[in-house]
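Here is how the chains run, residue by residue.
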Amino acid sequence: MIMTMTRTSILVDVLLILALFAEAPWGVRGNFQCKQASSEVVRSHCVTITEFGAVGDGLTLNTKAFQNAIFYLNSFVDKGGAQLFVPAGRWLTGSFDLISHLTLRLDKDAVIIGSVNSVDWPVIDPLPSYGRGRELPGGRHRSLIFGRNLTDIIITGDNGTIDGQGSVWWNWFRSKTLDYTRPHLVEFMNSTRVTISNLTFLNSPFWTIHPVYCSQVVVQNVTIIAPLDSPNTDGIDPDSSSDVCIEDCYISTGDDLIAIKSGWDEYGISYARPSSNIIIRRLVGETRSSSGIALGSEMSGGISEVHAENLQFFNSNVGIRIKTSPGRGGYVRNIYVSDVIMDDVNIAVEFTGYYGEHPDDFYNPLALPIIEKITIKDVIGENVKVAGVLAGIDGDSFLSICLSNISLSIAANLSDSPWNCSHIQGYSDFVSPKTCMPLQEGIYPKHLPDCYCLESPG
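This is a predicted model, so every value here is computed, not measured. (Residues numbered from 1 in each chain as written. Predicted model: local features only at pLDDT ≥ 70, side-chain atom pairs only at ≥ 80, totals over all residues. Heavy atoms only, no water.)

Quick word on the confidence of the model for the protein
Thinking step 1. For the protein, per-residue confidence averages 92 on the pLDDT scale, and 90% of positions sit at 70 or higher.
Thinking step 2. Within the protein, the lowest mean pLDDT, 40, falls on helix α1 (residues 7–19), and the highest, 99, falls on strand β15 (residues 209–212).
Thinking step 3. Note on residues 1–31: pLDDT under 50 across the span, and 49 contacts to partners over four residues away in sequence or across chains. (pLDDT = per-residue confidence, 0-100. Helix = DSSP H or I, 4+ residues; strand = E, 2+ residues; numbered from the N terminus. Contact = heavy atoms within 4.5 Å.)

Things to note about the sheet that holds strand β13 (residues 186–189)
Sheet strands pair via backbone hydrogen bonds, and the direction of the pair is either parallel or antiparallel.
Thinking step 1. The parallel open sheet is built from 4 strands, whose spatial order is β5-β10-β13-β15. Edge strands, defined here as strands with exactly one partner in the open sheet, are β5 (96–97) and β15.
Thinking step 2. Pairing geometry for β13 and β15, over 4 bridges, is parallel. By the bridge assignment for β15, Val186 is matched with Ile209. (Pairing = 2+ DSSP bridges.)

Focus: the state of the cysteines
Thinking step 1. Enumeration according to the criterion identifies 2 disulfides in this entry.
Thinking step 2. Between the sulfur of Cys402 and that of Cys451 lies a disulfide, 2.0 Å long from S to S. Judged by the sign of its S-S torsion, about -80°, the bond between Cys402 and Cys451 is left-handed. Remark: Cys451 occurs in the segment after β27 (424–432) and Cys402 occurs in strand β25 (residues 398–410); sequence separation between them is 49 residues.
Thinking step 3. The class of Cys402 is buried, set by a relative accessible area of 0%.
Thinking step 4. The disulfide partner of Cys421 is Cys436, and the S-S distance across this bridge is 1.8 Å. Around the S-S axis, the bridge from Cys421 to Cys436 shows a dihedral of about -75° and counts as left-handed. Residue Cys421 is found in strand β26 (residues 419–422), and its partner Cys436 is found in the segment after β27; the two are separated by 15 residues along the sequence.
Thinking step 5. You can call Cys436 buried: its relative accessible area is 9%.
Thinking step 6. Of all cysteine sulfurs in the structure, the one in Cys245 sits closest to Cys249, which takes part in no disulfide; the separation is 8.8 Å.
Thinking step 7. For Cys249, a relative accessible area of 1% translates into the label buried. (Disulfide = S-S within 2.5 Å. Buried < 20%, exposed > 50% of the residue type's maximum accessible area, 1.4 Å probe, protein only.)

A short note on the pattern of salt bridges
Thinking step 1. This model, assessed by the stated rule, comprises 18 salt bridges.
Thinking step 2. A salt bridge links Asp265 to Arg328; its shortest N-O distance comes to 2.8 Å. Placement of Asp265 in helix α4 (residues 265–271) and of Arg328 in the loop between β21 (303–323) and β22 (331–352) is noted, with a sequence separation of 63 residues between them.
Thinking step 3. Between Arg321 and Glu350 there is a salt bridge, with its nearest N and O atoms 3.6 Å apart. (Salt bridge = Lys/Arg side-chain N within 4 Å of Asp/Glu carboxyl O.)

Looking at the packing of aromatic side chains
Thinking step 1. Scanning the entire structure with this criterion turns up 9 aromatic pairs.
Thinking step 2. Geometrically, the ring pair formed by Trp121 and Trp169 is edge-to-face, given 5.6 Å between the ring centres and 75° between the ring planes. With Trp121 in the loop between β7 (110–114) and β8 (123–124) and Trp169 in helix α3 (residues 167–174), this pair connects stretches of sequence that are 48 residues apart. We note that Trp121, like Trp169, is buried. (Phe/Tyr/Trp six-rings, centres within 6.5 Å; stacked < 30°, edge-to-face > 60°.)

Some details on the pairing of strand β19 (residues 275–286)
In the case of a regular strand, side chains alternate between the two sheet surfaces.
Thinking step 1. Across the 12 residues of β19, 11 count as buried, placing the element largely inside the fold.
Thinking step 2. Here strand β17 (residues 242–252) runs beside β19; their pairing, made up of 9 bridges, is parallel. Bridged to Tyr250 within β19 is Val284.
Thinking step 3. Strand direction decides the pairing type here: β19 and β21, joined by 9 bridges, are parallel. Note that in β21 the partner of Ser276 across the bridge is Ser304.

Notes on unusual backbone geometry
Thinking step 1. The amide bond that connects Gly296 to the next residue, Ser297, takes the cis arrangement and shows omega of 5°.
Thinking step 2. In this fold, Ser297 is placed in the loop between β20 (291–295) and β21.
Thinking step 3. Of note, the amide linkage connecting Tyr444 to Pro445 takes the cis form, showing an omega dihedral of -10°.
Thinking step 4. Positionally, Pro445 belongs in the segment after β27.

What about the nonpolar core?
Thinking step 1. Grouped together as the largest cluster of nonpolar side chains are 92 residues, with contacts concentrated most on Leu98, Ile162, Phe188, Phe201, Ile280, Phe351 and Ile376.
Thinking step 2. If you tally residues by element for this core, the top one is β22, at 9 residues.
Thinking step 3. Dropping the residues within four chain positions of it, Ile376 is found in contact with Ile320, Val337, Val349, Phe351, Cys402, Leu403, Ser404 and Ile406.
Thinking step 4. In this structure, Ile124, Val212, Tyr213 and Trp264 belong to the second largest nonpolar core, which totals 10 residues. (Core = buried A, V, L, I, M, F, W, Y, C linked by side-chain atoms within 4.5 Å.)

Dropping the structure here:
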């Protein structure tokens, strides 16, 4: 079991896997840029959490110490910013807020530990683009590390650890004894210039890293781990956010490694804030229940201009997935996924047009999503059970689905029909096994303009 491994062995394995991609070329198409995050920003004032009475014994609750430290550092926001350093130790805490122009820096042997008492995770209002808690009507528990309306925030460390101790939350979820939706491990709302780097995140109660209504977000060199059977422990979920860069990450969790979202049904349609300009590169990971990269299912504000390259998924249910449903509205368009390696994956590519699950009975079933201009190319898969299950919506076909240079080794006797398609339109070249009939017309040269971000061969 991966959770029983030592932190050292986990780190070694992660570095070895990421090394496979270290020299991989990356060419951004269009106007995308993915700048190297700087976690070495010099702040004018630095303090250590112990100066505020914190005790790193893993038993003493340090919520007040973190809150008091942040309150004190708020006086330096307009004086060059501040840094809060967390030294070696095990620092138990409930939820706390960050401020603008702040660096939260962890020592390599520092572990911030989430309290197992739900009272230490206050209940806040639901997101307006969701209309209610994602799991239950009403509010939701605030994340362990939280920020709202901030700019210039850095959370970093020399592979220090933030552990949500999520098992108690997973048990409450499974026993249906939750009163409110579970908390994320880290969430920023309406914030800009957010950097999260060089850290390990363990055992999130719910989604691990959740930037929502944010822009200029960088997540680099992070490891995210939760048991493979833990419920809804997504890795990184950009939500109604733009200009997001995710790179050099290893994720092994109980749900989607990365899920791009933008609101839920009528609430997401009304809020109308899309996710766009998102770059994902050099991602490695596994998820037995879910997807390496997912778009949706909450996509009612729209998702576009997503470029994902240099990916490796193993021991996983699905490689690349789009999830939506009648009632979602919105769109998923201009998506480019390339340079993917899959091993021991059940379904390489899956589009689900009837994902269901609505916030309430007030959604409009006639609000149909637009899914178009999806390009997937340069994919190699070994021990794949099914090449693709591409199911659009009756009367609302998914259009301009382009598959190029894909080679999948399908496990013997496991699939009589490696591709299953309905309500899909598109093109393909150099795909093995041969795609389904709606995609068999070639791309080059006639349909090249119909395919997002493809260039002429040679």
